There are 2 protein chains.
Amino acid sequence: MTEGNTPMHRVVYKTIRKNIEENVYPGDSLLPSENEMCALFEVTRPTIRQALTRLENDGFIKRYQGKGSIVQKVHHRLGILSIKGVSQVLGTQGSLTTQIIKKPVVEPWPDDFMFDLTPEEKSYGCISMKRLRLINGKPIIFDIVHLVNIDIPRFCQKKYEKRSLFSTLKNDYNIDVINGEQNIRAINATKEIAKHLKVPERQAILHLEGAHYTSKNLRVFSEAFCSTDRFYLHGSF
Amino acid sequence: MTEGNTPMHRVVYKTIRKNIEENVYPGDSLLPSENEMCALFEVTRPTIRQALTRLENDGFIKRYQGKGSIVQKVHHRLGILSIKGVSQVLGTQGSLTTQIIKKPVVEPWPDDFMFDLTPEEKSYGCISMKRLRLINGKPIIFDIVHLVNIDIPRFCQKKYEKRSLFSTLKNDYNIDVINGEQNIRAINATKEIAKHLKVPERQAILHLEGAHYTSKNLRVFSEAFCSTDRFYLHGSF
DNA sequence: ATATATAACTTGTATATACAAGTTATATAT
DNA sequence: ATATATAACTTGTATATACAAGTTATATAT
């Protein structure tokens with residue numbers, strides 16, 4: 001009924017999602033039918049359907065009565081929003097690359113941190129790093145990450161140019177993001193932000209403050225500044 | 001098993017949601033238990049649970065094992081995001097009021113409309129109106145609505161200062177929003193936008209282009225400009 | 001080769017039933 | 001009045017079963 005302590009509907013959800021993210025089930029393909037998955041996972045249809053409902057809700061698949069479940073193309077995401085090109089000529093928005101502006105380093109929290117911290121979190125201190133994300137060589141996001149310094153071994157020594165921070169946490173440390181929140185504003189670019197994003201100073205920039213809640217005693221905070229002249233954020237509901 | 005043509009899990013979802021929105025179940029209160037609702041709606045637990053799962057997913061309730069389902073306070077929403085004050089001293093963000101800048105009027109589509117239109121939609125033309133939304137007298141959103149002119153009787157004669165456009169569609173015309181999408185950018189305020197929002201020209205403004213898909217052959221488009229110096233948009237995932 | 005009817009698949013909706021795990025109310029002992 | 005154990009509630013997880021409604025594959029007739 002469960003695998004270890006994980007309920008089967010969660011096991012099914014995670015497995016299918018992982019297969020989608022790793023292109024085992026590519027975008028636009030049909031997932032195995034519900035009956036096939038019952039055999040695969042050795043559970044019954046209501047359990048499979050619970051997992052599929054959540055996958056559909058999270059945007060990974062779309063279900064059609066009588067036809068099957070179609071895998072949706074994975075978009076680059078920023079919290080609840082995905083990044084989309086002003087011109088769709090890029091296909092899947094071109095390749096997203098990352099430059100590390102400031103490598104991960106242990107330091108005290110900034111004085112006026114954007115989210116309230118618990119006393120425990122304050123006492124741990126934080127690890128911070130700065131990244132620039134580019135699509136086709138054009139900088140579109142400048143972000144500053146802070147995570148609680150709960151003494152994750154060798155975290156600061158790892159390379160993040162080619163690996164997602166969150167997939168590193170998941171794969172190397174078995175730390176999963178459970179949920180999160182984002183605050184969104186528009187600000188005029190400061191000199192520093194303008195320099196990183198290669199836009200004129202005072203140009204309008206999206207400012208996103210996000211907090212991710214994980215399966216361990218670890219919150220990950222991100223402050224992202226996005227240039228939206230050639231790319232925008234997209235949400236559906 | 002269904003009510004008219006509506007499956008019971010949807011009837012349950014709509015009824016509970018309506019009761020929450022109309023304060024029959026106020027924020028922070030306990031919903032009736034699943035067993036009580038089975039009796040109320042004359043269905044079984046899986047059907048109730050399907051509706052509750054969706055209510056929780058949409059942010060209306062939060063469920064606690066062994067305890068019950070707590071109604072969440074309703075926030076003013078803009079698509080998938082809610083409006084939150086920079087200072088939470090406002091409680092539920094103060095009162096949101098609406099001024100109609102331009103009353104609903106039938107007119108041709110703008111030449112360079114933000115979303116692609118079908119030939120059918122183009123031939124119908126549109127109804128458009130402009131609104132200003134204020135919190136505690138401070139303008140925060142200037143929005144321009146276009147909806148396809150499918151000949152909704154007396155639509156242009158109705159008052160929208162005190163009524164939601166979407167609740168008017170739902171209650172007077174039985175037209176429900178099914179889903180939608182939003183594109184989000186930051187722009188520098190033009191002279192017109194600055195005037196409406198009472199901010200300096202060229203100040204950074206959130207620009208949201210939204211399309212709502214309804215139960216009838218009607219799409220509703222909204223172009224919103226948001227001042228985020230005292231309020232910001234919030235999303236959770 | 002083509003059209004049509006039907007079989008066989010798919011997802012959608014729903015009831016019935018059972019037990020696990022968490023919280024709250026109540027009974028009892030002191 | 002207080003502490004503790006237990007009963008009674010809640011939501012969480014899951015199997016079993018059946019039929020509805022939509023799509024696709026196949027069989028058959030021409």
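Rules and cut-offs
- Residues numbered from 1 in each chain as written.
- Chains lettered and ligands numbered in written order.
- Predicted model: local features only at pLDDT ≥ 70, side-chain atom pairs only at ≥ 80, totals over all residues.
- Heavy atoms only, no water.
- Buried < 20%, exposed > 50% of the residue type's maximum accessible area, 1.4 Å probe, protein only.
- Helix = DSSP H or I, 4+ residues; strand = E, 2+ residues; numbered from the N terminus.
- Arc of directions from axis to C-beta.
- Contact = heavy atoms within 4.5 Å.
- Polar contact = N/O pair within 3.5 Å; in protein donor to acceptor, adjacent residues only side chain to side chain.
- Salt bridge = Lys/Arg side-chain N within 4 Å of Asp/Glu carboxyl O.
- Buried area = accessible area lost by both parts, 1.4 Å probe.
- Nonpolar A, V, L, I, M, F, W, Y, C, P; charged D, E, K, R; others polar.
- Pairing = 2+ DSSP bridges.
- Expected span 1.5 Å × (residues − 1).
- Domains from an automatic or database assignment.
- Phe/Tyr/Trp six-rings, centres within 6.5 Å; stacked < 30°, edge-to-face > 60°.
- Lys NZ or Arg CZ within 6 Å of the ring centre and 35° of its normal.

Student: What is the right way to look at helix H5 (residues 165–173) of chain A in this model?
Tutor: Think of an α-helix as 3.6 residues a turn; residues three or four steps apart then line up on the same face. Residue and element names in this part refer to chain A. Restricting attention to buried positions, one finds in H5 the residues Leu 165, Thr 168, Leu 169 and Tyr 173. Buried residues in H5, looked at end-on, bunch into an arc of 100°, giving them a common side. Elements in contact with the buried residues of H5: strand E8 (126–135), strand E9 (138–148) and strand E12 (219–226). Among the residues of H5, the N-terminal cap falls to Ser 164, whose side-chain oxygen and the backbone nitrogen of Phe 166 are separated by 3.1 Å. Phi turns positive one or two residues past the end of H5, at Asn 174, with a value near 55°.

Student: I'm lost on the pattern of salt bridges in this one. Help?
Tutor: Opposite charge on two side chains permits pairing when their charged atoms draw close. All names here are of chain A. Throughout the structure, instances matching the rule amount to 30 salt bridges over all chains. Between Arg 131 and Asp 143 there is a salt bridge whose closest N-O contact spans 2.9 Å. Here Asp 143 lies in strand E9 and Arg 131 lies in strand E8, a separation of 12 residues in the sequence. Accessibility classification places Arg 131 together with Asp 143 in one group, the buried group. Its salt-bridge partner being Glu 201, residue Lys 191 comes within 3.8 Å of it at the nearest N-O pair. In this pair, Lys 191 is assigned in helix H6 (residues 191–197) and Glu 201 in the loop between H6 and strand E11 (204–214), connecting sequence segments 10 residues apart. Classification of Glu 201 as partly exposed rests on a relative accessible area of 45%. A single salt-bridge network, built from bridges that share partners, covers Glu 34, Arg 45 and Arg 49.

Student: What is the right way to read the interface of chain B and chain A from this model?
Tutor: Interfaces are often sized by the accessible area lost when the parts come together. Tallying the contact residues gives 28 residues for chain B and 28 residues for chain A. A buried area of about 2500 Å², summed over both sides, lies between chain B and chain A, and 59% of it is on carbon and sulfur atoms. The interface formed by chain B and chain A contains zero salt bridges. The tally of links from chain B across to chain A stands at 13 residue pairs in polar contact (both at pLDDT 80 or more). When residues of the side of chain B that touches chain A are traced back to their parent elements, those giving at least two are strand E10 (177–188), strand E11 (204–214) and strand E13 (231–236) of chain B. Counting residues per element, the side of chain B that touches chain A draws most heavily on E10(B), which supplies 10 residues. Among the residues forming the side of chain B that touches chain A, the class breakdown is 12 nonpolar, 13 polar and three charged. Across four bridges, the pairing between strand E10 (residues 177–188) of chain A and E13(B) is antiparallel.

Student: Explanation requested: helix H1 (residues 8–21) of chain A in the structure shown.
Tutor: Residues and elements named next belong to chain A. With 14 residues, H1 should cover 20 Å at 1.5 Å per step; its first-to-last C-alpha distance of 20 Å lies within 8% of that length. Inspection of H1 places Met 8, Val 11, Val 12, Tyr 13, Ile 16, Asn 19 and Ile 20 among the buried residues, and these make up the whole buried set. With its phi angle positive at about 65°, Asn 23 sits one or two positions after the end of H1.

Student: Please explain the domain arrangement of chain A as it appears in this structure.
Tutor: Per the domain assignment, the segments of chain A are domain 1 (2–71) and domain 2 (77–234). One C-alpha centre belongs to domain 1 of chain A, the other to domain 2 of chain A; they are set 29 Å apart.

Student: Got a minute to help me understand the packing of aromatic side chains in this structure?
Tutor: Geometrically, a pair of aromatic rings is defined through the distance of the ring centres and the angle of the planes. Residues and elements named next belong to chain A. In the structure shown here, the tally under the stated rule is 14 aromatic pairs over all chains. A ring pair is formed by Phe 113 and Phe 221, whose centres lie 5.1 Å apart and whose planes are at 85°; its orientation type is edge-to-face. Here Phe 113, found in the loop between strand E7 (96–107) and helix H4 (119–124), pairs with Phe 221, found in strand E12; they are 108 residues apart in sequence, far enough to count as distant. Phe 221 matches Phe 113 in its accessibility class, with the two residues each being buried. Put simply, the rings of Trp 109, Phe 113, Phe 115 and Phe 221 pair up and form one aromatic cluster. Taking NZ or CZ as reference, Arg 54 lies 4.0 Å from the ring centre of Tyr 13, over its face.

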